[in-house]
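Read off the chains here:
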Amino acid sequence: MMWREASGPTPRGVDRLVGESASMRALRERIPRIAASPFAVVVEGEPGTGKELIARAIHEEGPRSRGAFVPVNCAVLGDDLFESEMFGHARGAFTGALHERKGLLALSSGGTVFLDEVAELTPRAQAKLLRALQDGEVRRLGENRTERLDLRVVAATNRSLDDAVAAGRFRRDLLYRVEVVRVAAPPLRERRSDIPRLTEHYWKDVAAAAGSRARLAPETVAALRAHPWPGNVRELQNVLANLTLTAPRFGKVQPVHLPAAFRRPAPARLRTLAAAREDLERSMVRDALERHRSVPAAAGELGLTRQGLSRMMARLEIDRADPAREPPGGGRSR
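Residues numbered from 1 in each chain as written. Predicted model: local features only at pLDDT ≥ 70, side-chain atom pairs only at ≥ 80, totals over all residues. Heavy atoms only, no water.

Structural notes on the nonpolar core
Looking at soluble globular proteins, one finds that nonpolar side chains tend to be buried together. Note the following rule: Side-chain atoms within 4.5 Å link the members of a nonpolar core, which is a set of buried Ala, Val, Leu, Ile, Met, Phe, Trp, Tyr and Cys residues. Residue burial is assigned from relative accessible area. The probe radius is 1.4 Å, only protein chains are included, and a residue is buried under 20% of its type maximum, exposed over 50%, and partly exposed in between. Helix and strand assignments come from DSSP, with helices taken as H or I runs of at least 4 residues and strands as E runs of at least 2, each series counted from the N terminus. In this description, contact between two residues means that some pair of their heavy atoms is separated by no more than 4.5 Å.
Of all hydrophobic cores here, the largest spans 33 residues; its most connected members are Val-72, Met-86 and Leu-115. Of all the elements in the fold, those that place two or more residues in this core are strand E2 (69–73), helix H3 (79–87), helix H4 (104–108), strand E5 (112–116), helix H5 (123–135), strand E8 (153–157), helix H6 (161–166) and helix H7 (172–178). With five residues, H5 is the largest single contributor of residues to this core. Ignoring any residue separated from it by four or fewer positions in sequence, one finds Val-72 in contact with Leu-77, Met-86, Leu-104, Val-113, Phe-114, Leu-115 and Asp-116. Core analysis: the second largest hydrophobic core is formed by 23 residues, Val-18, Leu-188, Val-206 and Val-253 among them.

Laid out in structure tokens, this is it:
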């Protein structure tokens, strides 16, 4: 998504987020304000959209950045594990507890606890988490004393918590504790203009890891951009990693090396010269806008006035904020 996991020094904060689409610029501008506040945050988004990277960016941009960032996979915490993992336990608290152990909430005190897939918690676990968040303290298994904590919660979910509450699967009072601020992780298909940059970014990493010195042909990048990406950035990373093994190690990686789902039949011949001209105009205007990110500058390159380019954009249904976005119905010529 959009997301950095570069070789070399690891980027921090909003520098983790790759992309210049309107949604990504808005997200990077919003994160520092969220990070400076003490409020709980829920990051909503489809699988593979980079919810944990957003959570880490929030942690690293705020005053808690010197504390620990503690990720918790709520989907694997059944009732038997929840208290021991989240609250910790004393030595001898149960069979096999040979040593005392701090819980994940205590480890995150002064930093951030990231509750991934929070909607998957069982009803019993939800009740125990609610009590800990309300009281700001925990009691380890096998002990009577409580420990005060300084908690900041960032949760993530790939489903609507409002819908989960309405269906009786999630406690409304817990929702109010974890979702003071809501952040949306945009799916990759809604920010196609970021795909070439993301592709270049991740290809460097996976090619280096696999010992490949090949380069992606422009036609290959175009095919990647046209894909709907139901698995979002995670799917993009997997496709690129697979290419390092199926494509030649030198030269250019061509579209023929992509999985079958990317190799679409050639489009039908356009019926009219006007339709062909409209497609060419749309392509040239989009390219100019993405290079310059300014209507006057793009107009100068295209030999048009600013007003002339604005009228052409309206005719071609090109979104000024996100030029790569397809118009409703795909455009008249499609």
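Quick notes on H5
Where we set the bar: A helix is expected to reach a length of 1.5 Å times the quantity of its residues less one.
The terminal C-alpha atoms of H5 lie 19 Å apart, and with 13 residues this matches the ideal 18 Å at 1.5 Å per residue to within 8%. Buried residues in H5 make contact with H3, H4, E5, strand E6 (137–138), E8 and H7. Of the residues trailing H5, Gly-136 is marked for its positive phi of about 70°.

Section: the environment of Asp-287
Considering the arrangement of structural elements, one finds Asp-287 in helix H11 (residues 273–292). When its relative accessible area of 39% is taken as the criterion, Asp-287 is described as partly exposed. The spacing of Asp-287 and Ala-298 is 11 residues in sequence and 8.8 Å in space, taken between C-alpha atoms.

Some thoughts on the packing of aromatic side chains
Threshold: Two rings from Phe, Tyr or Trp (for Trp, the six-membered ring) form a pair when their centres are within 6.5 Å of each other. A pair whose planes differ by under 30 degrees is stacked, one over 60 is edge-to-face, and the rest are tilted.
This model, assessed by the stated rule, comprises three aromatic pairs. Considering the side-chain rings of Phe-69 and Phe-114, the 5.9 Å spacing of their centres and the 20° angle between planes classify their relative orientation as stacked. Here Phe-69, found in strand E2, pairs with Phe-114, found in strand E5; they are 45 residues apart in sequence, far enough to count as distant. Looking at Phe-69, the relative accessible area reads 14%, which means it is buried. Classification of Phe-114 by relative accessible area gives buried; the value is 0%. Ring centres 5.5 Å apart and planes at 55° place the aromatic pair Trp-229 and Phe-262 in the tilted group. Taken as a pair, Trp-229 in the loop between helix H9 (218–226) and helix H10 (232–246) and Phe-262 in the loop between strand E11 (252–253) and H11 lie far apart in primary sequence, 33 residues in all. No difference in accessibility class separates Trp-229 from Phe-262, as the two residues are buried.

Here we look at the pairing of strand E1 (residues 41–44)
Just so we agree on the cut-off: In short, DSSP must find at least two bridges between two strands for them to pair.
Because side chains alternate across E1, one face comprises the buried residues Val-41 and Val-43, and the other comprises Val-42 and Glu-44, equally buried. Sheet analysis places E1 next to E8, joined by four bridges and oriented parallel. Following the sheet pairing, Val-42 is matched in E8 by Ala-155. Bridge count for E1 against strand E9 (residues 181–184) is four bridges, and the pairing is parallel. In the strand pairing of E9, Val-43 is matched with Val-183.

Some remarks on the packing of helix H8 (residues 195–210) against H9
To keep it simple, the criterion reads: Simply put, an axis is a line fit to the C-alpha atoms, just over the touching stretch for a helix, and the angle between two N-to-C directions goes from 0 to 180 degrees. Oblique is the label for every angle not falling under 35 degrees (roughly parallel), over 145 degrees (roughly antiparallel), or within 65 to 115 degrees (roughly perpendicular). Throughout, a crossing is termed right-handed when the near helix is turned clockwise from the far one, and left-handed when it is turned anticlockwise from it by less than a right angle. The classification used treats Ala, Val, Leu, Ile, Met, Phe, Trp, Tyr, Cys and Pro as nonpolar, Asp, Glu, Lys and Arg as charged, and all other residues, Gly among them, as polar.
With their axes 9 Å apart at the nearest point, H8 and H9 run at an angle of 120° to one another. Regarding the angle of H8 to H9, the classification is oblique. For the pair H8 and H9, the sense of crossing is right-handed. Between H8 and H9, the contacting residues are Ile-195, Pro-196 and Thr-199 on the first element and Val-221, Leu-224 and Arg-225 on the second. Residues of the contact of H8 with H9, tallied by class, amount to four nonpolar, one polar and one charged.

Overview of the environment of Ala-132
Inspection of the secondary structure assignment puts Ala-132 in helix H5. Taking the C-alpha atoms as reference points, Ala-132 and Leu-105, 27 residues apart in sequence, are found 9.0 Å from one another. Ignoring any residue separated from it by four or fewer positions in sequence, one finds Ala-132 in contact with Phe-87, Leu-105, Glu-137, Val-138 and Leu-151.

A word on the sheet that holds E2
Reading across the sheet, the five strands line up as E2-E5-E8-E1-E9 and stay open at both edges, with parallel pairing between neighbours. If you trace the sheet from one side to the other, it starts and ends with E2 and E9, each paired once. Looking at each pair of strands side by side, their axes are set apart by 20° on average, direction ignored. Against the sheet, helix H2 (residues 51–61) touches E1, E2, E5, E8 and E9, its axis set at about 155° to E2.

Side note on the pattern of salt bridges
Operational definition: Each reported salt bridge corresponds to a side-chain nitrogen of Lys or Arg within 4 Å of a carboxyl oxygen of Asp or Glu.
Here the structure, examined in full by the defined rule, presents 20 salt bridges. With its nearest N and O atoms 3.1 Å apart, the salt bridge here joins Glu-281 to Arg-315. Residue Glu-281 is found in helix H11, and its partner Arg-315 is found in helix H13 (residues 306–316); the two are separated by 34 residues along the sequence. Arg-315 sits in the partly exposed class, given a relative accessible area of 37%. Beyond isolated ion pairs, a larger network of salt bridges with shared partners links Arg-12, Arg-16 and Glu-60.

A look at the confidence of the model for the protein
Caution applies to low-pLDDT regions: their predicted coordinates should not be interpreted in detail. Keep this limit in mind: Known as pLDDT, the predictor's per-residue confidence is scaled from 0 to 100.
Averaged over the protein, the pLDDT score is 87; the fraction of residues at 70 or greater is 88%. Within the model, pLDDT remains below 50 along residues 1–7, and this stretch shows 51 contacts once partners closer than five positions in the same chain are excluded.

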